[in-house]
Amino acid sequence: NLVLYFFKYDFGGTTWYQSYTGFNMVAGAAQILAMMVLYPLLRRFISSIRIFYISLAMSMLGYIILFAIASLGQNHLALLLIPGVLIMAASGMNNVLTTIFLANTVDYGQLIRGRRDESVIFSMQTFVVKLASGLAALVASLALQAFRLSSAATRSTDQNVDFSAGVSMASKMGLRMVMTLIPIAGLMIAFFWFRKKYVLTDARLEEISEQLREKERS
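Residues numbered from 1 in each chain as written. Predicted model: local features only at pLDDT ≥ 70, side-chain atom pairs only at ≥ 80, totals over all residues. Heavy atoms only, no water.

(A) Quick peek at the overall build of the protein chain. Each helix and strand in the protein chain was counted, giving seven helices and zero strands. Structurally, the protein chain occupies a C-alpha span of about 75 × 30 × 30 Å along its principal axes. Across the 218 residues that make up the protein chain, the buried fraction comes to 36%. Considering only residue pairs separated by 6 or more positions, the protein chain has 78% of its internal contacts joining residues 24 or more positions apart. (Helix = DSSP H or I, 4+ residues; strand = E, 2+ residues; numbered from the N terminus. Buried < 20%, exposed > 50% of the residue type's maximum accessible area, 1.4 Å probe, protein only. Contact = heavy atoms within 4.5 Å.)

Below is the structure:
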């Protein structure tokens, strides 16, 4: 939610909007390719859980690189594409993994409770995505207010104006920290929470499938 404002108020320059558009195109392509190519390729060699940890590491590395590039005052689009590709490729794999992990919990729930709750479990995914989007929009709005940045939509008449010149360094640094350090903290929490709670390894899933087949036969 803050990428547009990063390009507008921090990356700057009169071509900031063109850079923003190019960044979105490349990062979006990386996300799609990760879903369609990278995840299936990695899955041939390692488990989905390990891929999830790899995607978390890719995201954190991407945010660290982004913070370093921005803090050093580098405004080359090619450099920003490096963290952009890492973060969005990881996001693409996570989109696939979320569905897979949810499907696994359906089988686990059937074994424990004796019924399959696909509708309830998968509807929770939609709810969580909408909740996360709302929280992200709230955090972005609060950040813009705290750093005294305008949240007005970008108009076609001001796309060639350099807005970064009138923004204080404190506001820029605050924007960078919200965009990078908060996501890193969230990813670290996700890592430890997932590692503690998710027990459905490939071996465990095979045991569950076999137990379910035995129940059906009996």
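(B) Here's a closer look at the pattern of salt bridges. On inspection of all chains with the given rule, the structure shows eight salt bridges. For the salt bridge of Glu118 with Arg116, the shortest nitrogen-to-oxygen distance reads 2.9 Å. Taking the shortest distance from any N to any O, the salt bridge between Glu206 and Arg213 comes out at 3.6 Å. Classification of Arg213 as partly exposed rests on a relative accessible area of 35%. (Salt bridge = Lys/Arg side-chain N within 4 Å of Asp/Glu carboxyl O.)

(C) Expanded view of the packing of helix α2 (residues 16-43) against helix α4 (residues 77-113). The geometry of α2 relative to α4 is characterised by a closest axis approach of 7 Å and an angle of 40 degrees between their N-to-C directions. Judged on the interaxial angle alone, α4 and α2 are oblique. Note that α2 runs across α4; the crossing there is right-handed. Each residue belonging to the contact of α2 with α4 can be placed in one class, and the counts come to 19 nonpolar, six polar and no charged. (Axes fitted to C-alpha atoms, helices over the stretch in contact; angles between N-to-C directions. Parallel < 35°, antiparallel > 145°, perpendicular 65-115°, else oblique. Left-handed = near helix turned anticlockwise from the far one by under 90°. Nonpolar A, V, L, I, M, F, W, Y, C, P; charged D, E, K, R; others polar.)

(D) Summary view of the packing of aromatic side chains. Across all of its chains, the model carries 17 aromatic pairs by this definition. Ring geometry for Phe7 versus Tyr20: centroids 5.9 Å apart, planes at 65 degrees, classification edge-to-face. In this pair, Phe7 is assigned in helix α1 (residues 3-11) and Tyr20 in helix α2, connecting sequence segments 13 residues apart. Take Phe7 and Tyr20: they sit in the same class, and that class is buried. For the ring pair Tyr53 and Phe191, a centre distance of 5.2 Å and an interplane angle of 65 degrees mean the geometry is edge-to-face. Separated by 138 residues along the polypeptide, Tyr53 in helix α3 (residues 48-71) and Phe191 in helix α6 (residues 169-197) bring together distant segments of the chain. Here Lys8 stacks its cationic end above the ring of Phe163, 4.6 Å away from the centre of that ring. Looking at Lys197, its charged tip hangs above the ring of Trp193, at a distance of 5.3 Å from the centre. (Phe/Tyr/Trp six-rings, centres within 6.5 Å; stacked < 30°, edge-to-face > 60°. Lys NZ or Arg CZ within 6 Å of the ring centre and 35° of its normal.)

(E) Here's a closer look at the environment of Asn24. Here Asn24 is to be found in helix α2. On the accessibility criterion, Asn24 (36% relative accessible area) is partly exposed. Remark: the alpha-carbon pair of Asn24 and Lys196, spanning 172 residues in sequence, is separated by 34 Å.

(F) Spatial organisation of α6. For α6, built from 29 residues, the straight-helix expectation of 42 Å at 1.5 Å per residue is met to within 8% by its first-to-last C-alpha distance of 41 Å. Where α6 bends most, at Met177, the angle is about 30 degrees. On the buried face of α6, the contacting elements are α1, α3, α4 and α5 (118-146). (Expected span 1.5 Å × (residues − 1). Bend = angle between axes of the 7 residues up to and from the residue.)

(G) Quick peek at the environment of Lys215. As for its placement among the helices and strands, Lys215 is situated in helix α7 (residues 202-217). Residues Lys215 and Leu111, spaced 104 residues apart in sequence, show a C-alpha to C-alpha distance of 9.1 Å.

(H) The arrangement of a nonpolar patch on the surface in detail. On the surface, Val120, Met124, Phe127, Val128, Leu131, Leu135, Leu138 and Leu142 cluster together to form a nonpolar patch covering roughly 750 Å² of accessible area. Within the fold, Leu138 resides in helix α5. (Patch = residues over 30% accessible without salt bridge, like charges linked within 9 Å, V, L, I, M, F, W, Y side chains within 5 Å. Areas by Shrake-Rupley, 256 points an atom, 1.4 Å probe, with all protein chains shown as cover.)

(I) Here's a closer look at the packing of α3 against α4. Close contact between α3 and α4 brings their axes to 8 Å; oriented N to C, the two are set at 155 degrees. Taken together, the axis directions place α3 and α4 in an arrangement best described as roughly antiparallel. In this structure, the crossing between α3 and α4 has a hand that is left-handed. Split into classes, the residues belonging to the contact of α3 with α4 amount to 21 nonpolar, five polar and no charged.

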